[in-house]
Amino acid sequence: MTLASARELMRSAASAGTGIGAFNVIHLETAEALVSASERAGLPVILQISQNCADYHGGLEPIGWATLAIARRAKTPVAVHLDHAERPELVDEAIELGFGSVMFDGGKLEYEQNVEITADVASRARAAGVYIEAELGEVGGKDGAHAPGVRTDPDEARAFVEATGVDSLAVAVGSSHAMLDRSASLDIDLIARLKNALHGIGRTGGDIPLVLHGSSGVSDDVIVQAVRAGMTKINVSTHLNGFFTRAIRETLAADEKLVDSRKYLTPAREAVAAEAARMLRLFALVAD
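Residues numbered from 1 in each chain as written. Predicted model: local features only at pLDDT ≥ 70, side-chain atom pairs only at ≥ 80, totals over all residues. Heavy atoms only, no water.

A. Representation of the overall build of the chain in the model. Each helix and strand counted, the chain has eleven helices and eight strands in total. The C-alpha atoms of the chain give a radius of gyration of 18 Å, which matches the 19 Å a tight globule of 288 residues would have. Counting only C-alpha atoms and orienting by the principal axes, one finds that the chain spans roughly 60 × 40 × 35 Å. Per-residue burial over the chain gives 53% buried out of 288 residues. Here the contacts in the chain between residues at least 6 apart in sequence split such that 71% fall between residues at least 24 apart. Only carbon and sulfur atoms are counted for the fraction: they give 50% of the accessible area of the chain, which is about 12400 Å². The average position of the 27 basic charges and that of the 39 acidic charges among the side chains of the chain differ by 7 Å. (Helix = DSSP H or I, 4+ residues; strand = E, 2+ residues; numbered from the N terminus. Rg over C-alpha atoms; globule rule 2.2 N^0.38 Å. Buried < 20%, exposed > 50% of the residue type's maximum accessible area, 1.4 Å probe, protein only. Contact = heavy atoms within 4.5 Å. Areas by Shrake-Rupley, 256 points an atom, 1.4 Å probe, with all protein chains shown as cover. Lys, Arg positive; Asp, Glu negative; His and termini not counted. Charge placed at Lys NZ, Arg CZ, Asp CG, Glu CD.)

B. Broad picture of the environment of I70. Locating I70 in the fold gives a position in helix 4 (residues 60-72). A C-alpha to C-alpha distance of 28 Å links I70 and I223, two positions 153 residues apart in sequence. Apart from residues no more than four positions distant in its own chain, I70 is found in contact with L28, A31, E32 and V35.

C. The packing of helix 4 against helix 5 (residues 88-97), seen in detail. One can describe the packing of helix 4 onto helix 5 by two numbers: an axis separation of 11 Å at closest approach and a directional angle of 35°. Here the hand of the crossing between helix 4 and helix 5 comes out right-handed. Counted together, L60, E61, W65 and L68 of helix 4 and L90, E93, A94 and L97 of helix 5 form the full contact between these two elements. (Axes fitted to C-alpha atoms, helices over the stretch in contact; angles between N-to-C directions. Left-handed = near helix turned anticlockwise from the far one by under 90°.)

D. Region of the structure containing the confidence of the model for the chain. The predicted model of the chain has a mean per-residue pLDDT of 90, with 91% of residues at 70 or higher. Taken as a whole, residues 139-148 scores under 50 in pLDDT and shows 24 contacts with residues more than four places along the chain or in a different chain. (pLDDT = per-residue confidence, 0-100.)

E. A look at the pattern of salt bridges. In total, this model carries 14 salt bridges according to the counting rule given. Salt-bridge contacts for R269 lead to E32; the nearest nitrogen and oxygen are separated by 2.7 Å. One end of the pair, R269, is in helix 11 (residues 261-283); the other, E32, is in helix 2 (residues 28-41), and 237 residues separate them in sequence. For R269, a relative accessible area of 29% puts it in the partly exposed group. Since its relative accessible area comes to 29%, E32 is described here as partly exposed. With a shortest N-O distance of 3.4 Å, E162 and R158 are connected by a salt bridge. (Salt bridge = Lys/Arg side-chain N within 4 Å of Asp/Glu carboxyl O.)

F. How the structure looks around the sheet that holds strand 7 (residues 210-212). Spatially, eight strands are ordered 1-2-3-4-5-6-7-8 in a closed barrel, and the strand pairing comes out parallel. Averaged over all adjacent pairs, the angle separating strand axes in this sheet is 25°, with direction ignored. This element, helix 6 (residues 111-127), spans strand 4 (101-104) and strand 5 (131-136) of the sheet and lies at about 175° to strand 5. Across the face of the sheet, helix 7 (residues 154-164) comes into contact with strand 5 and strand 6 (168-171) while running at roughly 145° to strand 5. (Pairing = 2+ DSSP bridges.)

This is how it looks when you write it as structure tokens:
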């Protein structure tokens, strides 16, 4: 199967009123696990490579090419997405490599500067036929999992989308990145108001899908409420990383003489695949 179109995956989920999982790739094993999850669930998935991940691997190209290759071999629709790029040149590189969607993160910038740079990046993405996501209202950060709550204003969100021409919008509604527990409280009413504010203003007259970052800190039932209220793309990283790491710890603890990394990475990959498949079904409201 060829790479799936992130645009079509997002449009389909938004039209159906369901969510789609967007899970972060850390290394080869997680990319393989996430495709396995998609195939088990029989549902599409978006594989995300963050700016931090690209930097960890010494650049976007090595991990990007590997992830694209794994996605192309999938039996289910799999899209590859650049996540949280704060450097415009990284967006350009992802487009050149063949990523179907990109996120420029100007959430830490002043509003006017965010609009200016995002609009410029979005114009290049559109010219290449690449789906673009942006962020408005900084999502809680890694320097403090329970950082003071920032919220995205619906009127400002509409003005931002109209000024930049982005295809989807990551909004601040109460979640926070890198949470190790699932205790975040989302403003469900705000999600509904944001969805309403972005109704019908897409480039082809459709809605602008909402993206929930920091979903690792949100419980299952609250995520379901968020999807019903209007969230489409649900980003998860830390939660799945925990499954990977715990499986490695358990395997190594059971055999102190184990030195072949494949023998402890295999159960870790399996743990991520099982949980990611469950989450894909949850977001798609399959078990609802």
